[in-house]
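# Survey of secondary and tertiary structure
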Number of protein chains: 2
Amino acid sequence: MSVGRETRLSAWIERFAAHFAEEGIPLIGGRILGYLLVCQPVERTAAELSQELEASSGSISTNLKYLVNVGLVTKRTRRGRQAAEYRINEKAWTEFIQRKLNAIASVQTLTDDGMRLLSGDPERAQRLKTVDRLYGWLSEELPALWERRPAAPK
Amino acid sequence: MSVGRETRLSAWIERFAAHFAEEGIPLIGGRILGYLLVCQPVERTAAELSQELEASSGSISTNLKYLVNVGLVTKRTRRGRQAAEYRINEKAWTEFIQRKLNAIASVQTLTDDGMRLLSGDPERAQRLKTVDRLYGWLSEELPALWERRPAAPK
DNA sequence: GATCCCTTTCGGTCGACACTGAAATCATCG
DNA sequence: CGATGATTTCAGTGTCGACCGAAAGGGATC
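Reference entry: report on the structure contained in this document. (Residues numbered from 1 in each chain as written. Chains lettered and ligands numbered in written order. Predicted model: local features only at pLDDT ≥ 70, side-chain atom pairs only at ≥ 80, totals over all residues. Heavy atoms only, no water.)

### Remarks on the overall build of chain A
Scanning chain A for helices and strands turns up seven helices and two strands. Along chain A, from the amino end to the carboxyl end, the secondary structure elements read α-α-α-α-β-β-α-α-α. Against the globule reference of 15 Å for 154 residues, chain A gives a C-alpha radius of gyration of 21 Å, more extended than a compact globule. C-alpha atoms of chain A, sized along the principal axes, occupy 70 × 45 × 35 Å. Taken across its 154 residues, chain A has 44% of its residues classed as buried. Taking contacts inside chain A between residues at least 6 apart in sequence as the whole, the part at least 24 apart equals 49%. Just so you have it, chain A exposes about 8,500 Å², and 49% of that area is on carbon and sulfur atoms. (Helix = DSSP H or I, 4+ residues; strand = E, 2+ residues; numbered from the N terminus. Rg over C-alpha atoms; globule rule 2.2 N^0.38 Å. Buried < 20%, exposed > 50% of the residue type's maximum accessible area, 1.4 Å probe, protein only. Contact = heavy atoms within 4.5 Å. Areas by Shrake-Rupley, 256 points an atom, 1.4 Å probe, with all protein chains shown as cover.)

### Concerning the protein's contact with DNA strand D
Taken together, 21 residues lie around DNA strand D, and Ala46(A), Lys65(A), Lys75(A), Ser56(B) and Ser59(B) are the ones closest in. What you see for DNA strand D is that sugar and phosphate hold 72% of its atoms within 4 Å of the protein. Take Ser61(A): an N or O atom from its side chain is 3.3 Å from a phosphate oxygen of DNA strand D. With respect to DNA strand D, the backbone of Ile28(B) contributes an N or O atom lying 3.4 Å from a phosphate oxygen. Looking at the surface near DNA strand D, the elements that each hand over two or more residues are helix H3 (46-53) and helix H4 (57-69) of chain A together with helix H2 (27-38) and helix H4 (57-70) of chain B. Its residues assigned to classes, the surface near DNA strand D shows eight nonpolar, 11 polar and two charged. (Near = heavy atom within 4 Å. Polar contact = N/O pair within 3.5 Å; in protein donor to acceptor, adjacent residues only side chain to side chain. Nonpolar A, V, L, I, M, F, W, Y, C, P; charged D, E, K, R; others polar.)

### Focus on the relation of the copies chain B and chain A
Placing chain B over chain A gives an RMSD of 0.1 Å and needs a rotation angle of 180°, together with 0.0 Å of translation along the axis. On the angle and the small slide along the axis, the relation comes out as a two-fold axis. Both copies share a contact surface, since 100% of the interface residues of chain B are interface residues in chain A too. (Least-squares fit on C-alpha atoms with pLDDT ≥ 70 in both.)

Now the structure itself:
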């Protein structure tokens, strides 16, 4: 007997969450993200997420707050509805990734400061120089690459 | 009265360690890395690192093992010397950074699997598609960019 | 093989953080 | 304004991992 699509999707959500857990995003936050990327309909309330993902209301609340804060999820309230609805904000993924690239490139300021402290002693600065050159190159190329990213189609 | 170069260097090492602590490298590991990048002479024993960085022998041992394992530090033993000497391996920084870039690009396999699960329902796949397109582009461009990296001068 | 010195291993402590569930809070509707 | 149904806050629990320091382990010299 074959496994249903929804079952396989929830396994996928778990893999998705596991990946981002390695990057420091709480497991439940990752599950919310994965779930909101594939659920139908696209909007969910906190209570629904709590039930669907089998997580406490408190955890859902904390993680939604975090995700809304970094922009990956948007919150919508409607008059006449007590429950807010949450949905994925696909647009925000660009900034999310950009932050990661910037984090890598930002090491250059660090190595650069180090080089300054060692100016006047090229011998001693040699190890740092090797690293500084790499990050120097990255801090040029990564932002440049990012600018060439394709625009999202309407 | 001005601050000595060594004092400023140890402040720099601390900043350096703090940066990598955010990326998940233990504080003491980061200190070792920073210290080995700028110390004179370039090689140090575990005992020297322990004293210089005011960390326990156990922590130094654990972190050196880790750093040697990922290749950022190399261990050298010499006949007639009981103490092994550790030094920075500048070369390994390229692989270190490459792993980071790959980690970003690797999300593409995840989104791709998700797209497969949603094939046959383009409506529902739309959110994921946006994200998949971005990572798809990255998984093309990042490795390509990396290939263009300048070779380290002799 | 005994001694010396250095390194690794290991048990234990501490602090951070994710998570829970109950209580407080808030918004809507009658 | 009270009741209802939702969310947020908060105190408490458990887990995980970095760190320490003492004890065990390994080489090198005598």
